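An overview of the molecular structure
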Amino acid sequence: MMRKFILESALFLTLVIITCYFILLRANGKSDHFYLHFTSPRQHSLILGNSRSAQGIQPVVLNEILSRNDIYNYSFTIGTSPYGPVYLKSVKKKLDHKTKDGIFILSVDPWSISSNSKDPNDPGQFKEKEQYVGKTHFVNMNPNFLYLFNSYGKSFYQLLPRQKSSITLHDDGWLEVKIKQDSASMQKRLERKIKLYREKNLKKYKFSYVRLDYLKETINYLKHYGNVYLVRLPVHPRIQEIDEELVPGFNEKMRMVSESTGAPYLDMSYLGDSLQFTDGNHIYRESVKGVSARIGEWIASHND
């Protein structure tokens, strides 16, 4: 009886493990907005930043203009990938250290060099270390079950149906968002985002000179593997007003970083009146191609 019980238990456990394995294999760019970042191999060229660049810079456009095929968007969110020790550590793991002629586009904005901790200049208080970028130690593992167990945050049963999502993380790291773009919907999302940033984020976040130093350290590290470029993406003018309140004189700070590191700086904030945004903070996919093309042409002009 005991032998039969052990055999049946082992068989049941094996079936459970096999079932879980095949369920987890269904994770993709629709079921999770970050998973593919941690399953792709080491990369030669990277786009870094928060959700503005995750949605706002399209590698396929850059690759076409620059005659490359290796640019990868490794951007996340305001809360998980501000410049600092956690993000830099993850970037080092993602980078192919054999790279010699890489292109590195670092998206910068006031939020990427600010902190919402009590002391914005104490790395020990930086909250991203407890988020998925900080907790994911293996960033080139496919399948990456450790990420799914630690950071998926939903029931694995949600992986079973055929995923339908308005948000898709592409294989090149670009996060595409498809939502209604009628004037009423856009205005509603804009007002909601402005309220969030002004009433919540602006009260919590403070400029961090430590993050600014880590931005410089990230630039100097990547310069060993290729050319580094700084880009400020456009946002809606009303969002930009909040940005300027958070870090007055942001552009001057970036120009100083550019001068001290040798990384060229492109300020695209003047385009805020001429683009479509999903919520004022993120460039809509119909405008992303044009913005990415401008960046690509600007980089090409530096390489002529």
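Up top is the structure.
The following paragraphs examine the structure supplied in this document. Note that the structure is predicted; figures quoted are calculated from it, not measured. Starting afresh in each chain, residues are numbered from 1 along the sequence in its written order. Reporting of local features is limited, given that this is a predicted model, to residues whose pLDDT is at least 70; pairs of side-chain atoms are given and counted only at 80 or more, and all residues count toward the totals for whole chains, interfaces and linings. Neither water nor hydrogens contribute to the side-chain values; these are computed over all heavy atoms in the structure.

Thoughts on the environment of D32
- By definition, any uninterrupted DSSP run of H or I lasting at least four residues is a helix, any uninterrupted run of E lasting at least two residues is a strand, and each is numbered from the N terminus. If you trace the backbone, D32 turns up in the loop between α1 (2-24) and β1 (45-48).
- N or O atoms closer than or at 3.5 Å make up a polar contact, with two conditions inside protein: a donor-capable atom paired with an acceptor-capable one, and, for residues adjacent in sequence, both atoms drawn from side chains. A distance of 2.6 Å separates a polar side-chain atom of D32 from the backbone nitrogen of Y35.
- Engagement of the side chain of D32 in a polar contact is seen with the side chain of Y147, the distance being 2.9 Å.

Quick word on the packing of aromatic side chains
- Side-chain rings of Phe, Tyr and Trp (the six-membered ring for Trp) are treated as a pair once their centres are within 6.5 Å; stacked means planes under 30 degrees apart, edge-to-face means over 60, and tilted covers the remaining angles. Under the counting rule described, the total for this entry stands at 14 aromatic pairs.
- Aromatic side chains F38 and F76 sit 5.6 Å apart centroid to centroid with 15° between the ring planes, which places their arrangement in the stacked category. Residue F38 is located in the loop between α1 and β1, and its partner F76 is located in the loop between β2 (71-73) and α4 (85-94); the two are separated by 38 residues in the primary sequence.
- Burial classes follow relative accessibility: with a 1.4 Å probe on protein chains only, a residue under 20% of its type's maximum area counts as buried, one over 50% as exposed, and anything between as partly exposed. What makes F38 buried here is its relative accessible area of 0%.
- Owing to a relative accessible area of 1%, F76 belongs among the buried residues under this scheme.
- Consider the rings of Y229 and W298, whose centres lie 5.6 Å apart with planes at 70°: the pair is edge-to-face. Of this pair, Y229 sits in strand β8 (residues 226-232) while W298 is found in helix α11 (residues 285-303), placing the two residues 69 residues apart along the sequence.

Observations concerning unusual backbone geometry
- Of note, the amide linkage connecting N142 to P143 takes the cis form, showing an omega dihedral of 0°.
- Mapped onto the elements, P143 comes out in the loop between α5 (132-135) and α6 (145-151).
- The backbone phi angle of S67 is positive, close to 55°, even though this residue is not glycine.
- Mapped onto the elements of the fold, S67 is located in the loop between α3 (59-65) and β2.

Examining the pairing of β1
- Side-chain alternation along β1 places S45 and I47 on one buried face and L46 and L48 on a second face that is also buried.
- Two strands are counted as paired when DSSP detects at least two bridges linking them. Relative to strand β3 (residues 102-107), β1 is paired through three bridges, and the arrangement is parallel. By the bridge assignment for β3, L48 is matched with L106.

Section: the nonpolar core
- With 55 residues, the main nonpolar core has L48, Y74, L106, L215, L222, L230 and M254 as its most contacted residues.
- If you tally residues by element for this core, the top one is helix α8 (residues 209-222), at seven residues.
- The next biggest cluster of nonpolar side chains, apart from the first, holds 21 residues, and it includes L266, V288, V291 and I295. Put simply, buried Ala, Val, Leu, Ile, Met, Phe, Trp, Tyr and Cys residues joined by side-chain atoms within 4.5 Å make one nonpolar core.

A look at the pattern of salt bridges
- Only one rule defines a salt bridge in this text: a Lys or Arg side-chain nitrogen within 4 Å of an Asp or Glu carboxyl oxygen. On inspection of all chains with the given rule, the structure shows eleven salt bridges.
- With a closest N to O distance of 2.9 Å, D243 and R52 form a salt bridge. Linking D243 in helix α9 (residues 237-246) with R52 in helix α2 (residues 51-56), this pair joins segments that are 191 residues apart in sequence.
- With a relative accessible area of 1%, D243 lands in the buried category.
- In this structure, R285 engages E176 in a salt bridge whose closest nitrogen and oxygen atoms are separated by 3.2 Å. Of this pair, R285 sits in helix α11 while E176 sits in strand β6 (residues 175-177), placing them 109 residues apart in sequence.
- Classification of E176 by relative accessible area gives buried; the value is 10%.
- Among the charged side chains, a network of salt bridges with common partners joins R52, D109 and D243.

Notes on the pairing of β8
- A large share of β8 lies buried, amounting to six of its seven residues.
- Note that β3 and β8 share six bridges and pair parallel. Counterpart to F104 in the pairing with β8 is V228.
- One ladder, built from three bridges, connects β8 with strand β9 (residues 265-267); its direction is parallel. Its bridge partner being in β9, L230 is matched across the sheet by Y265.

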